[in-house]
Amino acid sequence: MWTYSASSIDAKSKNSDQQWRANYGSESLSKRCSNMMSAEYTLHQLPGPLSTIGAKTVWDVDSQSLFYVDINVAAIRRYDYAENKTYSCTIDGVNPIAPVILVKGKPNNYVVGSGNKLLLVTWDGRSEKGTLVKTLYDLGESEKHVRFNEGKVDPKGRLYAGTMQLESLGDPFQQHEGKLYRFDGKASGEFKMVKDRISISNGLAWNESSKKLYYIDTAALDIKEFDVLENGDLQNETILYDWRVNGEGPGYFGDGMTNDEEGNLYVATWGGSKVQKINPRTKAVELEIDIPAKFVTTVAFGGPKLDELFVATARLDNQSPPAGALFKVTGLGVRGKPMTKMLLQN
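Since we're looking at a predicted model, the values are computed, not measured.

Rules used throughout
Residues numbered from 1 in each chain as written. Predicted model: local features only at pLDDT ≥ 70, side-chain atom pairs only at ≥ 80, totals over all residues. Heavy atoms only, no water. Helix = DSSP H or I, 4+ residues; strand = E, 2+ residues; numbered from the N terminus. Buried < 20%, exposed > 50% of the residue type's maximum accessible area, 1.4 Å probe, protein only. Core = buried A, V, L, I, M, F, W, Y, C linked by side-chain atoms within 4.5 Å. Contact = heavy atoms within 4.5 Å. Salt bridge = Lys/Arg side-chain N within 4 Å of Asp/Glu carboxyl O. Pairing = 2+ DSSP bridges.

### Structural notes on the overall build of the protein chain
Piece 1. On a plain count of helices and strands, the protein chain comes out with 1 helix and 26 strands.
Piece 2. A burial count over the protein chain gives 57% of its 346 residues as buried.

As structure tokens, then:
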């Protein structure tokens, strides 16, 4: 395990993994990190394989484990908190995988996106192979050019899952072929498109008390806010936070997202080497957590007290370790909320 430290970090700066290694080395350090609001935290690298695109983190309170995927390797990974060990599996015929969704009342059952399908799979959490059980939903021939990329479960147990154009068909940042769907999980379940013209469907977070959904289309360079109706439909789309200044992007993009129990958002930055804490009330960045990997993909609160922030990263373009590692951040002084599992009826 490595613990990194930094001090007096400029809010506008971003460090690459090479810069971190040059500044702080690869040895274990015991100092803490200080940042924009004098917050202190410690960053730990967790044991496990380096992922090509590690992503889609979800904390399971029941097993005290963090689940995530390596998208193009098509692996499901499980970090066992008590053992401080990561297990990994692949599933024959299932490639790629994104996201991975926990199922309420059905341990070892998971819903995964693969291409333009949602699949039910099983895995014991330790073996090197999982099993494909069945296809839950197939978007069909008209959507063969897209794949599922992100998905999360809302406080009522409904799955929201979004797509993006296949990378092999062109730059998805330049396309708007993705859509966001809602799936209620019933045997005769409704699978409804709730938003279209999306480039890269990513971060999802809910504020249950205000009945708000926060959503990131990565290429749009903003966080959108929606009112959530009782049936799960979305209305009153507005821009909560815009990364552009005078029409110019910051050089990175919003990716995965979660929130703490106070409603603050934590956003992974693709190309930004950091996680940003954004206050939706003031619409301001309150904290930046530097990560020693250029591509930061997803975040989730976990641990026994739900006060540790897990961060997944990608390792692309022959980047040096620890790019692709899984990290956790301790000492933030906040707690997350238990992640809802999907209600899935046979």
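### Some details on unusual backbone geometry
Piece 1. The omega torsion of the bond from Ala98 to Pro99 falls at -5°, within 30 degrees of zero and hence cis.
Piece 2. Looking at where Pro99 falls in the secondary structure, it is placed in the loop between strand E7 (85-90) and strand E8 (100-102).
Piece 3. With an omega of 10°, the peptide bond running from Pro321 to Pro322 counts as cis.
Piece 4. Among the secondary structure elements, Pro322 is positioned in the loop between strand E25 (308-314) and strand E26 (326-330).
Piece 5. For Lys283, which is not glycine, the phi dihedral falls at a positive 55°.
Piece 6. Along the chain, the position of Lys283 falls in the loop between strand E22 (274-279) and strand E23 (284-290).
Piece 7. Residue class for Lys283 comes out partly exposed when judged on its relative accessible area of 46%.
Piece 8. Although it is not a glycine, Asn318 sits at a positive phi angle of roughly 55°.
Piece 9. Here Asn318 is to be found in the loop between E25 and E26.
Piece 10. For Asn318, a relative accessible area of 78% corresponds to the exposed category.

### Examining the nonpolar core
Piece 1. Counting 24 residues, the largest nonpolar core has Phe67, Ile76, Val100 and Val112 as its most contacted members.
Piece 2. Of all elements in the fold, only strand E4 (54-60), strand E5 (65-70), E7, E8, strand E9 (109-114) and strand E10 (117-122) reach the threshold of two or more residues within this core.
Piece 3. When sequence neighbours within four positions are dropped, the list of residues in contact with Ile76 reads Phe67, Tyr68, Tyr87, Ser88, Cys89, Ile91, Ile97, Val100, Val112, Val121 and Trp123.
Piece 4. In terms of nonpolar packing, the next biggest core, distinct from the first, is built from 18 residues, Ile289, Phe301, Leu309 and Phe327 among them.

### Focus: the pattern of salt bridges
Piece 1. Scanning all chains against the criterion turns up 23 salt bridges.
Piece 2. Note that Glu237 is salt-bridged to Lys195, the shortest N-O span being 3.2 Å. One end of the pair, Glu237, is in strand E19 (residues 234-242); the other, Lys195, is in strand E15 (residues 191-198), and 42 residues separate them in sequence.
Piece 3. Taking the relative accessible area as the measure of exposure, Glu237 reaches 42% and is therefore partly exposed.
Piece 4. Among the salt bridges present, the one from Arg335 reaches Glu261, with a minimum N-O distance of 3.9 Å. You can see Arg335 sitting in the segment after E26 and its partner Glu261 sitting in the loop between strand E20 (253-259) and strand E21 (265-270), a full 74 residues away along the chain.
Piece 5. Each of Asp222, Lys224, Asp242 and Arg244 takes part in one network of salt bridges that share partners.

### Quick notes on the pairing of E9
Piece 1. Within E9, 6 of the 6 residues are buried, which leaves it mostly tucked inside the rest of the structure.
Piece 2. Going residue by residue along E9, you find Asn109, Val111 and Gly113 tucked away on one face and Tyr110, Val112 and Ser114 tucked away on the opposite face as well.
Piece 3. Between E8 and E9, which pair antiparallel one after the other, the connecting turn spans 6 residues, and Gly105 there sits at a positive phi close to 75°.
Piece 4. What sits between E9 and E10 in their antiparallel hairpin is a turn of 2 residues, with Gly115 showing a positive phi close to 60°.

### Digging into the pairing of E19
Piece 1. Here 6 bridges tie strand E18 (residues 222-228) to E19, and the two strands are oriented antiparallel to one another. By the bridge assignment, Asp227 is partnered in E19 with Gln235.
Piece 2. Count of turn residues in the E18/E19 antiparallel hairpin: 5 residues, of which Gly232 carries a positive phi of about 95°.

### With respect to the environment of Gln319
Piece 1. Along the chain, the position of Gln319 falls in the loop between E25 and E26.
Piece 2. Classification of Gln319 by relative accessible area gives buried; the value is 6%.
Piece 3. For the pair formed by Gln319 and Lys294, sequence separation is 25 residues and the distance between their alpha carbons is 8.7 Å.

In short, the description is geometric, and any link to function would need to be established separately.
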